[in-house]
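Structure at a glance
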Amino acid sequence: MIGKLAIHWKILLGIIMGVGFGYILNCFGLQHFVKNWITPFGIIFINLLKMIAVPIVFVSIVKSITDFKSFENFAQLSKRTLFAFISTTIFAVSIGLVIVNILKPGNFIDASSKVELMNTFNKEVADKINSVSEQKDISILSPIIDAVPSNIFLALSDNSKMLQVIFFALLIGFSIMKIKSTETKPVVEFFNGLYPILMKVIDLIMLFAPFGIFALMTTLMTEIPNFSVLKGIFVYGLTVILGLFIHTFIFYPLCIYIFTKKNPLPVFKKMIPFQLLAFSTSSSAATLPLTMERTVEHIGVDEDIASFVLPLGATVNMDGTSLYQGVAAVFIAQALNIPLNFEAQLMILFTATLASIGAAAVPSAGLLMLIIVLAQVGIPEAGLALIFALDRPLDMLRTTTNVTGDVTISYILAERMGKVNHKKLLESTDN
Ligand code: ASP
């Protein structure tokens with residue numbers, strides 16, 4: 001009977017049972033049991049998703065470019081995609097900045113909570129700061145420098161180098177398109193043949209999803225810091241959540257309505273499975289395989305558009321991350337009584353936009369890049385200790401916003417180019 005449930009119910013069941021089971025085991029002090037017997041299944045699931053991420057990004061981007069009839073069509077899609085990514089990200093940070101300046105969550109944290117948080121997390125924060133400064137002279141333009149690989153095999157063997165893989169895939173696809181001869185035909189056919197095989201692999205991996213997610217959530221429940229630490233930053237958490245909620249459930253549907261004149265509800269209904277997966281894995285890259293499959297097969301976005309926009313979006317378009325970085329930076333400044341004038345806030349807007357582009361699509365990447373945002377506006381990085389405890393749950397939520405943004409943009413672009421299969425979108429079968 002469970003086998004017949006739609007995928008979003010199975011994933012939801014995995015989340016609920018994982019939270020319940022994890023809570024009970026935590027109460028009985030069985031963290032060790034969880035670590036030995038349950039956590040490994042979560043790790044296996046995440047590894048399966050990561051295993052397929054690089055091949056799917058590479059193959060789908062090359063395939064999507066070579067499928068374009070003309071270079072003009074491809075150039076038009078690229079321009080529109082980049083414009084959509086940048087404008088939605090700027091909008092996201094702006095929403096965050098407006099809300100954090102109105103609610104002023106930094107004023108709600110009392111002196112004793114500040115001391116407790118600083119003492120509890122200063123070691124973790126110091127480790128993070130060191131890991132960022134170890135990465136040579138990290139600058140605000142690092143994301144652009146890092147996009148160009150010096151060795152493509154190193155890039156292909158490292159999941160955190162997705163931007164480099166994309167760069168290389170774009171060059172290969174573009175070159176094939178420019179040559180278009182009988183000699184390149186076998187290569188094009190190879191990529192065309194590989195694509196459905198990878199999609200099948202994703203289907204197989206997803207059979208394991210409910211169990212993997214159950215294991216991830218059970219593990220998470222045994223790692224949550226105690227409530228007294230979280231109390232002091234409650235209003236900060238609510239501020240981020242409010243911003244993410246507005247951006248995800250008001251801004252995106254409005255964009256769909258305004259730019260396509262279509263009802264956003266059917267699209268949003270079909271998003272639930274990968275939104276839940278993003279929520280439970282905190283990784284846009286790990287969610288990408290399912291995001292692509294759902295967007296093409298269930299939302300009806302043309303394969304060529306989805307194969308180009310989604311891998312790129314998962315890596316560079318992170319509205320949730322940029323919104324969170326804007327709120328977090330101002331919150332830390334408020335809590336440490338550092339005044340931020342309009343120029344400083346503009347600087348946050350600019351750096352958070354770039355930092356979200358540079359953030360890898362993996363858990364906690366946004367927190368790491370926040371270090372750069374803070375440094376640019378002169379807020380002490382040690383202030384990260386204030387937000388550390390809440391980072392994981394907020395990461396789960398911002399990742400959900402990140403993937404929703406990518407799919408919203410791919411749907412709008414496809415709709416405007418007349419490339420949505422409405423039969424698929426309106427079909428109710430949802431397994
Ligand atoms: N976890 C996020 C993602 O994968 C990135 C972040 O940490 O904000 O989209």
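Bear in mind the structure is a predicted one, so any value in this text is a computation, not a measurement.

Right, let's talk about the overall build of the chain for a bit. When helices and strands are tallied, the chain shows 20 helices and zero strands. In terms of C-alpha radius of gyration, the chain reaches 22 Å, essentially the compact-globule figure of 22 Å for 431 residues. Structurally, the chain occupies a C-alpha span of about 70 × 55 × 45 Å along its principal axes. Evaluated residue by residue, the chain yields a buried proportion of 53% over its 431 residues. Within the chain, contacts between residues separated by at least 24 positions form 84% of all contacts whose residues are at least 6 apart in sequence. Accessible area for the chain stands at about 19300 Å²; split by element, carbon and sulfur atoms hold 69% of it.

Below, the discussion takes up the site of the ligand. Taken together, 15 residues sit near the ligand, with Ser-284, Thr-321, Gly-366, Asp-395 and Arg-398 positioned nearest. Ser-284 is positioned with one of its side-chain polar atoms (N or O) 2.4 Å from an oxygen atom of the ligand. Between the ligand and Arg-398, the relevant distance is 2.6 Å, taken from an oxygen atom to a side-chain nitrogen or oxygen of the residue. Here the ligand, which alone exposes 270 Å², has 100% of that area covered by the protein. Of all the elements in the fold, those that place two or more residues in the shell around the ligand are α17 (365–377) and α19 (391–416).

A few words on the pattern of salt bridges. Counted by the stated rule, this structure contains 10 salt bridges. Note that Lys-63 is salt-bridged to Glu-303, the shortest N-O span being 2.8 Å. In this pair, Lys-63 is assigned in helix α2 (residues 31–67) and Glu-303 in helix α14 (residues 303–316), connecting sequence segments 240 residues apart. Here Asp-391 makes a salt bridge to Arg-398, at a shortest N to O gap of 3.2 Å. Here the two residues Asp-391 and Arg-398 agree in accessibility, since each one is buried. Here the salt bridges do not stand alone but share partners, grouping Lys-63, Asp-67, Glu-303 and Asp-304 into one network.

The rules behind each value
Residues numbered from 1 in each chain as written. Predicted model: local features only at pLDDT ≥ 70, side-chain atom pairs only at ≥ 80, totals over all residues. Heavy atoms only, no water. Helix = DSSP H or I, 4+ residues; strand = E, 2+ residues; numbered from the N terminus. Rg over C-alpha atoms; globule rule 2.2 N^0.38 Å. Buried < 20%, exposed > 50% of the residue type's maximum accessible area, 1.4 Å probe, protein only. Contact = heavy atoms within 4.5 Å. Areas by Shrake-Rupley, 256 points an atom, 1.4 Å probe, with all protein chains shown as cover. Near = heavy atom within 4 Å. Polar contact = N/O pair within 3.5 Å; in protein donor to acceptor, adjacent residues only side chain to side chain. Salt bridge = Lys/Arg side-chain N within 4 Å of Asp/Glu carboxyl O.

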